[in-house]
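Understanding the architecture of this molecule
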Amino acid sequence: MSDKQSIQALRSHIKEEQAALEASFFEHETPAQLLKKHAQLIDKLLKQIWLEANIDNDVTLIAVGGYGRGELFPYSDIDLLILLPPAHGNQQNTKIEQLIGKLWDIGLNVGHSVRTLDECVTEAAQEVTIQTTLLESRLIAGKISHYQSFVTAINAAMKADLFFAEKFKEQDNRHAKFNDTAYSLEPNIKESPGGLRDLHMILWLTRSQNLGRTWLELFKNNIITKTELRQIKRHERILQTLRIRLHYLAKRREDRLLFDFQNVLAADLGLVNTSRKRASEQLMQSYYLSVKYISLINEILIKSLENTLNKNEAVTTPINDRFEVKNGLLEAKTALLFQKQPTAILESFLLLQQHLEIKGISANLLRELQRVKKMVNQDFRNNIENKKLFLSILMQKDGVNHSLRRMNSYGILGQYLPVFGKIVGQMQHDLFHVFTVDAHILNVITNLRRFAKPELKHEFPLCTQLFESFEKPHLLYLAALFHDIAKGRGGDHSTLGTIDAKRFCKLHNLPKEDKDLVAWLVDAHLKMSSTAQKSDLSDPMVVENFARFVKTERRLTALYLLTVADIRGTSPVVWNAWKSRLLENLFYATKRMLSTESFNTHKMIALRKEEASHKLNKFGLNKESYQALWNQVGEAYFVRFESDEIAWQSRLLTPHVFTNKPIIRARLSPNGDGIQVMIYTQDQDDLFARICNFFDRMGYNIAQAIIYTTQHGYALNSFIVLDQLSKSVSYNGLLNHIETKLLEKIETTTPLESPLQGRISRQVKHMPYATRVSINGELQSNNHMVEIVAGDRPGLLAKIAFVFLQHDIYLHHAKINTLGSRAEDSFLISAKKNQALTDGQIELLMQNLSEI
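Residues numbered from 1 in each chain as written. Predicted model: local features only at pLDDT ≥ 70, side-chain atom pairs only at ≥ 80, totals over all residues. Heavy atoms only, no water.

1. Re the overall build of the chain
Per the secondary structure count, the chain includes 39 helices and 16 strands. Considering only C-alpha atoms, the chain reaches an extent of 100 × 80 × 50 Å along its principal axes. A buried classification covers 54% of the 852 residues belonging to the chain. When contacts within the chain are restricted to residue pairs at least 6 apart in sequence, those whose partners lie at least 24 apart make up 71%. Within the structure as shown, the chain displays about 38600 Å² of accessible surface, and the carbon and sulfur contribution to it stands at 49%. Distance between charge centres in the chain, computed from 105 positive and 94 negative side chains, equals 3 Å. (Helix = DSSP H or I, 4+ residues; strand = E, 2+ residues; numbered from the N terminus. Buried < 20%, exposed > 50% of the residue type's maximum accessible area, 1.4 Å probe, protein only. Contact = heavy atoms within 4.5 Å. Areas by Shrake-Rupley, 256 points an atom, 1.4 Å probe, with all protein chains shown as cover. Lys, Arg positive; Asp, Glu negative; His and termini not counted. Charge placed at Lys NZ, Arg CZ, Asp CG, Glu CD.)

Shown next, in the form of structure tokens:
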């Protein structure tokens, strides 16, 4: 048989054997058995190929890493160490190169290193990753005496304290790559916090301290309890099963639970959609509960192992009659403290806030906390002392965020607030939240706490200023705790959450004024963002209606702070300067409205004219020079545009009031929220569609469009556009490009280009979001408000513009809002000549918008 035929035969044999393992796994679903048998299959194959390679007896083939552990996932790398004798010739090197080449040729994903024993020891001392890889090893081929010398040398070089410090730092860095959260919507089963790597971490540390190599050995050596052994094995099995299935489904080494796979995995596991939860949400909630336990046991055992290393250096400081601090960690003075005095459970978290020098809770106390957490029941919640302690935790100057996060991690928060326990690990398939509900809620509280820190005032100066003077900030934390707590129950989560908030406030005897504020905030938590991002804030009636809704400045301040914290807590990419300015503008406009007894449109117009004239005077323009323009734009113009825009547009357009050529001007927005583009041209039906198509093809998002028609038939439109790809560009060149190319698009007489048909995101594709289209008439005019909520996709806005064009729609104003992968766009429209749409026109328009 030729070499080529031999390689082909081996490839076929491997595929057949691996296919048999796959079939056996899906029949019996025992992940540990598959990982072991797959490793054994590769062992047998490597031994055969090693013999055929005729490599010298002094050379040793060793399995290392995960393969050395005897666990080999379907598409994982096969980590090998080829151990050379101190003296080796070129002939052996050639044979080794041929061996590695053959392994690749037969389809094995080999990760290999070729070293002498001295090189292994030297490199392990320099790099903890190499040391860890070599720590887990098995002999595949070669002399056992050489392998034993290798193991002895690696173990002798181990310095447990240094290894612990390096691995702990490595774990911190790894967690940081995943934003220190196990609760992202597309987690990495292996590397994310709470993933399989956190279990490996424990076994590496115990092995380095000669305390055990397996979970069973740790149990026998009293490192873990019988309950912990059972729980660790259970959750390890869940993650191993998911990772194995993921490899088989992707047909490659894929450790990320991507949206592409979640639906299929859920179906394969027999999960089905219910009225409240999709099958994929059930799958992910199970995953999150597993990683939550793994994160907890990782923390407990790392603290325990660190204590073992430092047992001769114990420093104890008393705190009170019940607690003391040992090696920087909170410890109970007596055994079974929580069982004997349940109020000490919440007291332990309060003490961490009151004594910032304490680094955390000791392993022993954490274990006792797990044993007694079921004692946090109805009787516990009704206890007056416990209610005072919980509120006291929220009222502390420091540590509120850390305490609530600890309480969630340790399972206490969900016990004390059972409604919170129901949303732990619950996904949100709304295309813009990238964290589970509980993680999002805690992120919102984190953001509120950042407003309380003067050293962070540069992030949100207004929020810091308002928070500093806000009485009883714990009411904001309570509103944050309850604002999304009813997600996934069906029905309006704001309404249901308000009921929960009222029940909590009543149980904890909050004053009526405080209870009313918390309940109102939970019920209204979406109102300010919706108003700011969907309504025309230049319309005084919008602001007046919002002011009537909030009623008081205290409510306005509380809702503003909660709204900013909420939006920032949804995703790292949803918040931007544009949203910041919208909310600030609405806050200030509403505050002014609340401070006046009545609103006067004429007074506001006069004020805007005065402010704009003052700005124009600085450019040497007197009133007579721009009065011709102001006469043509009409009084409504001064309602739609703010004074800064009026001054900018007037300065540019004064010489061109009756121009036959479109005027396009672009500038960086003075508020730092993107690029502002002004279009002034004789009105044409397809203008909005052409502009949308242009920016779509540039890769820019339109955030706002103010569409205005002057009394003499000119379109005076203002757009705010955002760079969705965050490209590094020369802005002078970019602004010039926009002005030149957009002018060409508007002037051309060629037919409109079709909207882009780009690829939709994986999230929109695999987690479809039901499109919602609504069209509602406005009471005070012939206008209609169109609101569209849908999965975002390339060309969406251009397609909407095309539909408006086909239906002879006149567009007055547009707010374009992108939240992650979700579009929330609103348009103020009417029929031509400001006529109202008929019922038939509305029905057909809704149908066509829904179709696209």
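2. A look at the packing of helix α5 (residues 117-126) against helix α6 (residues 128-135)
Where α5 meets α6, the closest approach of the two axes is 5 Å, and the angle between their N-to-C directions is 125°. Taken as axis vectors, α5 and α6 run oblique relative to one another. Between α5 and α6 lies a crossing of left-handed hand. Of the residues in α6, those touching α5 at Cys120, Glu123, Ala124 and Gln126 are Val128, Ile130, Gln131 and Leu134. (Axes fitted to C-alpha atoms, helices over the stretch in contact; angles between N-to-C directions. Parallel < 35°, antiparallel > 145°, perpendicular 65-115°, else oblique. Left-handed = near helix turned anticlockwise from the far one by under 90°.)

3. Quick notes on the nonpolar core
With 98 residues, the main nonpolar core has Phe390, Leu481 and Phe482 as its most contacted residues. For this core, the element with the highest residue contribution is helix α29 (residues 553-568), accounting for nine residues. Aside from chain neighbours lying at most four places away, what touches Phe390 is Leu346, Met407, Leu413, Tyr416, Leu417, Leu481, Phe504 and His508. Counting 56 residues, the second largest nonpolar core, distinct from the first, contains Leu21, Leu135, Leu246 and Ala250. (Core = buried A, V, L, I, M, F, W, Y, C linked by side-chain atoms within 4.5 Å.)

4. What about unusual backbone geometry?
In this structure, Asp180 is a non-glycine residue whose phi angle is positive, near 55°. Of note, Asp180 is situated in the loop between α8 (160-177) and α9 (196-208). Residue Asp180 is classed as exposed on the basis of its relative accessible area of 55%. A positive phi angle, close to 60°, is found at Asn222, a residue other than glycine. Tracing the sequence through the fold places Asn222 in the loop between α10 (215-220) and α11 (226-250). Judged by relative accessible area, Asn222 falls into the exposed class, the value being 70%.

5. Considerations on the side chain of Arg115
Tracing the backbone through its elements, the reader meets Arg115 in strand β3 (residues 110-116). In terms of polar contacts, Arg115 uses its side chain to reach the side chain of Ser113, at 3.2 Å. At 3.1 Å, the side chain of Arg115 and the side chain of Glu123 are in polar contact. In this view, Arg115 contacts Leu81, Ile82, Leu83, Leu84, Cys120, Glu123, Ile130 and Leu134; residues no more than four positions away in its chain are not counted. (Polar contact = N/O pair within 3.5 Å; in protein donor to acceptor, adjacent residues only side chain to side chain.)

6. Quick word on the sheet that holds β3
As summarised here, the arrangement of the four strands in space is β3-β2-β1-β4, forming an open sheet in which the pairing is mixed. Of all the strands in the sheet, just β3 and β4 (137-141) have a single pairing partner and so form its edges. Going from strand to strand, the sheet's axes swing by 30° on average, the running direction of each strand aside. Of the pairings in the sheet, the one linking strand β1 (residues 60-64) to strand β2 (residues 78-84) comprises four bridges and is antiparallel in character. Among the inter-strand pairings, Leu61 is bridged to a residue of β2, identified as Ile82. (Pairing = 2+ DSSP bridges.)

7. Re the environment of Asn386
Topologically, Asn386 is positioned in helix α18 (residues 384-395). A C-alpha to C-alpha distance of 67 Å links Asn386 and Asp685, two positions 299 residues apart in sequence. Other than its neighbours up to four places away in sequence, Asn386 contacts Thr343, Leu346, Phe380 and Tyr416.

8. Quick notes on the packing of helix α19 (residues 400-409) against helix α22 (residues 437-451)
Between two packed helices, what matters for the description is the angle formed by their axes and the separation of those axes. Contact pair α19 / α22: the axes reach a minimum separation of 9 Å and the direction vectors enclose 165°. As the angle between them shows, α19 and α22 are arranged roughly antiparallel. Viewed along their axes, α19 and α22 form a crossing whose handedness is left-handed. In this structure, α19 contributes Val400, Asn401, Leu404, Arg405 and Asn408 to the contact, and α22 contributes Asp438, Leu442, Asn443, Ile445, Thr446 and Arg449.

9. A look at the sheet that holds strand β5 (residues 316-318)
Pairing in this open sheet of four strands is mixed, and the strands run β5-β6-β7-β8 from one edge to the other. The open sheet terminates on both sides in strands that have one partner only, identified here as β5 and β8 (360-361). Here strand β6 (residues 323-326) pairs with strand β7 (residues 329-332) via four bridges, running antiparallel. Counterpart to Glu324 in the pairing with β7 is Glu331. Set on the sheet, helix α16 (residues 363-372) makes contact with β6, β7 and β8; between it and β7 the angle comes to about 60°.

10. Observations concerning the environment of Phe695
Its place among the elements puts Phe695 in helix α35 (residues 687-698). A sequence separation of 26 residues divides Phe695 from Val721, and the C-alpha atoms of the two residues are 8.0 Å apart. Setting aside anything within four residues of it in sequence, one finds Phe695 in contact with Val677, Tyr700, Ile702, Val721, Ile738 and Leu742.

11. Quick look at helix α2 (residues 31-53)
With 23 residues, α2 should reach 33 Å at 1.5 Å per residue; the first-to-last C-alpha distance of 33 Å fits that figure. Listed in full, the buried residues belonging to α2 are Pro31, Leu34, Leu35, His38, Ala39, Leu41, Ile42, Asp43, Leu45, Leu46, Ile49 and Trp50. Asn54 occupies a position one or two residues after α2 and carries a positive phi of about 55°. (Expected span 1.5 Å × (residues − 1).)

12. Re empty space enclosed by the protein
All chains considered together, the criterion is met by two cavities of 30 Å³ or more. Of the voids in this model, the largest cavity is the one considered here, and its volume is about 60 Å³. Of all the elements in the fold, those that place two or more residues in the lining of the largest cavity are α1 (3-28) and α2. If you tally residues by element for the lining of the largest cavity, the top one is α1, at four residues. Classifying every residue of the lining of the largest cavity by side-chain character gives three nonpolar, four polar and one charged. Here the second largest cavity is characterised by a volume of approximately 30 Å³. Where the lining of the second largest cavity is concerned, the elements lending two or more residues are α8 and α9. (1 Å grid on protein atoms, 1.4 Å probe; cavity = no way out; pocket = protein on both sides within 12 Å on 5 of 7 lines; lining within 4 Å. Points joined across faces, edges and corners; volume = space filled by probe spheres on them. Nonpolar A, V, L, I, M, F, W, Y, C, P; charged D, E, K, R; others polar.)

13. Digging into the side chain of Ser137
Among the secondary structure elements, Ser137 is positioned in strand β4. Judged by its relative accessible area of 13%, Ser137 falls in the buried class. For Ser137, the side chain forms a polar contact with the side chain of Tyr147, separated by 3.0 Å.

14. Comments concerning the packing of aromatic side chains
Applying the stated criterion across every chain, the model contains 31 aromatic pairs. Between the aromatic rings of Tyr637 and Tyr708, the centroid separation amounts to 5.8 Å while the plane-to-plane angle is 55°, which identifies the pairing as tilted. Of the two residues, Tyr637 is situated in helix α33 (residues 637-640) and Tyr708 in the loop between β11 (700-706) and β12 (714-723); the sequence distance between them amounts to 71 residues. On the basis of relative accessibility, which here comes to 2%, the residue Tyr637 falls in the buried class. (Phe/Tyr/Trp six-rings, centres within 6.5 Å; stacked < 30°, edge-to-face > 60°.)

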